[in-house]
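Residue strings, one per chain:
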Amino acid sequence: MSKSVDSLRQRVAAGESTDRDFIELEGAIDSGFHISRELIAVGEPARLDRSVVDVNELVAQLEGVLARVLGPNVRLALRLEAADSLVQAEAVQLEWVFFNLASNSRDAMPNGGNFLVHTASVDRPVGTPARMQRFVRVTVTDTGHGLFADARTRALNPFFSTKEGAPGLGLTSVAMIVRHFQGWLHIESDQSGTSIHIHFPALGPITR
């Protein structure tokens, strides 16, 4: 947020148009208030409101804010390819997920890099007897320094952080939100970057 304010201040000083910046900054602040309120309920699943959320549409709407979270040295790309992108979730909680992942990726790329959000529809066997169910898979990939083996195994632990002196909920809160909406995530990481794959049940399961 402070980087966005600094950028806006520079644009004002240079006499450049700032209308779009103000609109997006206002949206980020408003989302921040909602996120702060809703995170209190992360540990209480029964209190979470659920509605129908179009993941493709949500990510597209967040593009400008995510770009500012990532900063000018990180190239943002979206590949919104999920054919069935409706899920039962809460939009503000999902916004927090994307803001958190973007912030983590930015810190992993101090010299710049690439950040990709890719959505896809995938079918997975569930239950006994197994039947195919459709999921919305969201993959967030960066080209940062990656996680060493110990960090990969501990990344979802409460208060674990790779940043010295900066403990926090981090990916723990992301995993909790995903689980509350009946999803799961897993992490792939090496020296070339990190991919976090999140699966949410799509509305309208398919059977075979």
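Numbering of residues starts from 1 in every chain and runs along the sequence as written. It should be noted that, the model being predicted, local features are given only for residues of pLDDT at least 70 and side-chain atom pairs only at 80 or more, the latter also being counted only at that level, while totals for whole chains, interfaces and linings use all residues. The side-chain numbers reported here are obtained from all heavy atoms of the structure, hydrogens and water having been left aside.

**Student:** Could you clarify how one ought to interpret the overall build of the protein chain in this entry?
**Tutor:** Counting from the N terminus, the helices are the DSSP runs of H or I reaching at least four residues and the strands are the DSSP runs of E reaching at least two. Helix and strand content of the protein chain: 7 helices and 7 strands. The order of helices and strands in the protein chain, counted from the N terminus, is α-α-β-α-α-β-β-α-β-β-α-α-β-β. Three labels apply to residues, based on accessible area from a 1.4 Å probe with only protein chains included: buried if under 20% of the type maximum, exposed if over 50%, partly exposed otherwise in between. Classification of the 208 residues of the protein chain by burial places 43% in the buried group. Only heavy atoms matter for contacts: two residues are in contact if any of them lie within 4.5 Å across the pair. Long-range pairs, those at least 24 residues apart, make up 69% of the contacts in the protein chain between residues at least 6 apart in sequence. Areas reported here follow the Shrake-Rupley algorithm with a probe of radius 1.4 Å; residue values treat only the protein chains shown as occluding. For the protein chain, the accessible surface area stands at approximately 11300 Å², while carbon and sulfur atoms represent 53% of it.

**Student:** Just to check I follow, could you spell out unusual backbone geometry for this structure?
**Tutor:** Leaving glycine aside, a negative phi is the common case for residues, and trans is the common case for peptide bonds. Note the cis peptide between threonine 128 and proline 129, where omega equals 0°. Residue position: proline 129 is located in the loop between strand S4 (113–126) and strand S5 (131–142). Its identity as a non-glycine residue notwithstanding, glutamine 182 has a phi of 65°, on the positive side. Assignment of secondary structure puts glutamine 182 in the loop between helix H7 (171–180) and strand S6 (184–190). Overall, the relative accessible area of 51% leaves glutamine 182 in the exposed class.

**Student:** Quick question: what am I supposed to make of helix H5 (residues 91–108) here?
**Tutor:** Owing to its 3.6 residues per turn, the α-helix brings residues three or four apart onto one side. Spanning 18 residues, H5 covers 26 Å between terminal C-alpha atoms, matching the ideal 26 Å at 1.5 Å per step. Among the residues of H5, those classed as buried are Val92, Gln93, Leu94, Glu95, Val97, Phe98, Phe99, Asn100, Leu101, Ala102, Ser105 and Ala108. Nitrogen and oxygen atoms within 3.5 Å of one another constitute a polar contact, given that in protein one can donate a hydrogen and the other can accept it, and given that sequence-neighbouring residues count only through two side-chain atoms. Near the N-terminus of H5, the side chain that reaches the backbone nitrogen of valine 92, with its oxygen 3.0 Å away, is that of glutamate 90. Each residue after the first adds 1.5 Å to the expected span of a helix.

**Student:** What's the story with the nonpolar core in this structure? I'm lost.
**Tutor:** Generally speaking, a soluble globular protein has its nonpolar side chains buried in company with each other. Only buried residues count toward a nonpolar core. Its members are Ala, Val, Leu, Ile, Met, Phe, Trp, Tyr and Cys residues joined through side-chain atoms within 4.5 Å. In terms of nonpolar packing, the biggest core is built from 38 residues, with Val87, Leu94, Phe98, Leu101, Phe115, Val138 and Ile198 touching the most fellow members. In this structure valine 138 touches Val55, Phe98, Val117, His118, Thr119, Ile196, His197 and Ile198, once residues within four positions along its chain are discounted.

**Student:** Sorry if this is basic, but what is going on with the packing of H5 against H7 here?
**Tutor:** The relative placement of two packed helices is expressed as an angle between their axes plus a distance between the axes. Comment: axis = line fitted to C-alpha atoms, over the contacting stretch for helices; angle = value between 0 and 180 degrees taken between N-to-C directions. Running from amino to carboxyl end, H5 crosses H7 at an angle of 150°, the nearest separation of the two axes being 10 Å. As the angle between them shows, H5 and H7 are arranged roughly antiparallel. As H5 packs across H7, the resulting crossing turns out to be left-handed. Counting all contacts with H5, which are made through Gln93, Trp96, Val97, Asn100, Leu101 and Asn104, the residues of H7 involved are Leu171, Ser173, Val174 and Ile177. Angle categories: roughly parallel below 35 degrees, roughly antiparallel above 145, roughly perpendicular from 65 to 115, and oblique for all the rest. When the near helix sits turned anticlockwise from the far one by under a right angle, the crossing is termed left-handed; a clockwise turn instead gives a right-handed crossing.

**Student:** Any chance you could explain the side chain of threonine 119 here in plain terms?
**Tutor:** In this fold, threonine 119 is placed in strand S4. Classification of threonine 119 by relative accessible area gives buried; the value is 0%. Separated by 2.6 Å, the side chains of threonine 119 and asparagine 56 make a polar contact. Setting aside residues up to four positions removed in sequence, threonine 119 forms contacts with Val55, Asn56, Arg79, Leu80, Glu81, Ala82, Arg137 and Val138.

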